[in-house]
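# Tertiary structure, described
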Amino acid sequence: EQREFENVASLPARLDVRDIERGPQGKRRIARAGDAHLSGTSVSGDTAVEGRAVHVAAHVCASGDAIPGFEPGDIIVARSVHPAWLPQVLASGGLVVELGGWLSHMAIVARERGLPMIVGVDGVDAIETGTQLRLEPDGRVCRLRPVDVRSAA
């Protein structure tokens, strides 16, 4: 790892919040809005993971109530991650979040625990519980199989 950093340009003498939120620029490609899949910034995770999405309604995000229908290994899809969800976050297969950045509390927790987390994803409300997702380390959120509405009812 040390050799990898020998070729990385030095940071500027002055940093602002925007520079810090951008995070490391070497290994990750931030997916673009024109890509075929939803995308954001990968703040944790170095390999692709797949799992069942569990979409969390905005009022549950705000209240911190338990995530309805969550099972260990599910990928949490939410506008934000409430600190009360720490047990579910640690049992999850990953996180897809609209709000947050490199320095958000759960991004730090995700890096400490090796959990894939993608933040800044527009369109999280379009991902339904039960949808099979693959989270890519470059920030793409790929829908593998849409939810079967008949079996979800």
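Before reading on, note that the structure itself is shown above.
Keep in mind that this is a model prediction, so the values were computed, not measured. (Residues numbered from 1 in each chain as written. Predicted model: local features only at pLDDT ≥ 70, side-chain atom pairs only at ≥ 80, totals over all residues. Heavy atoms only, no water.)

## Observations regarding empty space enclosed by the protein
- Per the stated rule, a full pass over the model turns up 1 cavity of 30 Å³ or more.
- Its boundaries defined by the atoms lining it, the largest cavity holds a volume of some 30 Å³.
- Every residue along the wall of the largest cavity is listed here: Ser42, Ser44, Gly45, Thr47, Pro116, Met117, Ile118, Leu135, Glu136 and Pro137.
- For the lining of the largest cavity, the secondary-structure elements that each account for two or more residues are strand E2 (41–44) and strand E6 (117–119).
- Class assignment for the residues of the lining of the largest cavity results in 5 nonpolar, 4 polar and 1 charged. (1 Å grid on protein atoms, 1.4 Å probe; cavity = no way out; pocket = protein on both sides within 12 Å on 5 of 7 lines; lining within 4 Å. Points joined across faces, edges and corners; volume = space filled by probe spheres on them. Helix = DSSP H or I, 4+ residues; strand = E, 2+ residues; numbered from the N terminus. Nonpolar A, V, L, I, M, F, W, Y, C, P; charged D, E, K, R; others polar.)

## Quick look at the pairing of strand E4 (residues 75–78)
- A two-sided burial pattern is seen for E4, the buried positions comprising Ile75 and Val77 on one face and Ile76 and Ala78 on the other.
- Of the pairings in the sheet, the one linking strand E3 (residues 49–55) to E4 comprises 3 bridges and is parallel in character. By the bridge assignment for E4, Ala53 is matched with Ile75.
- Across 4 bridges, E4 lies against strand E5 (residues 94–97) in parallel orientation. Note that in E5 the partner of Ile75 across the bridge is Gly94.
- Note on the crossover from E4 through helix H4 (residues 86–91) to E5: the handedness is right-handed. (Buried < 20%, exposed > 50% of the residue type's maximum accessible area, 1.4 Å probe, protein only. Pairing = 2+ DSSP bridges. Right-handed = clockwise from strand over helix to strand, strands pointing away.)

Worth remembering: the numbers are spatial, not functional.
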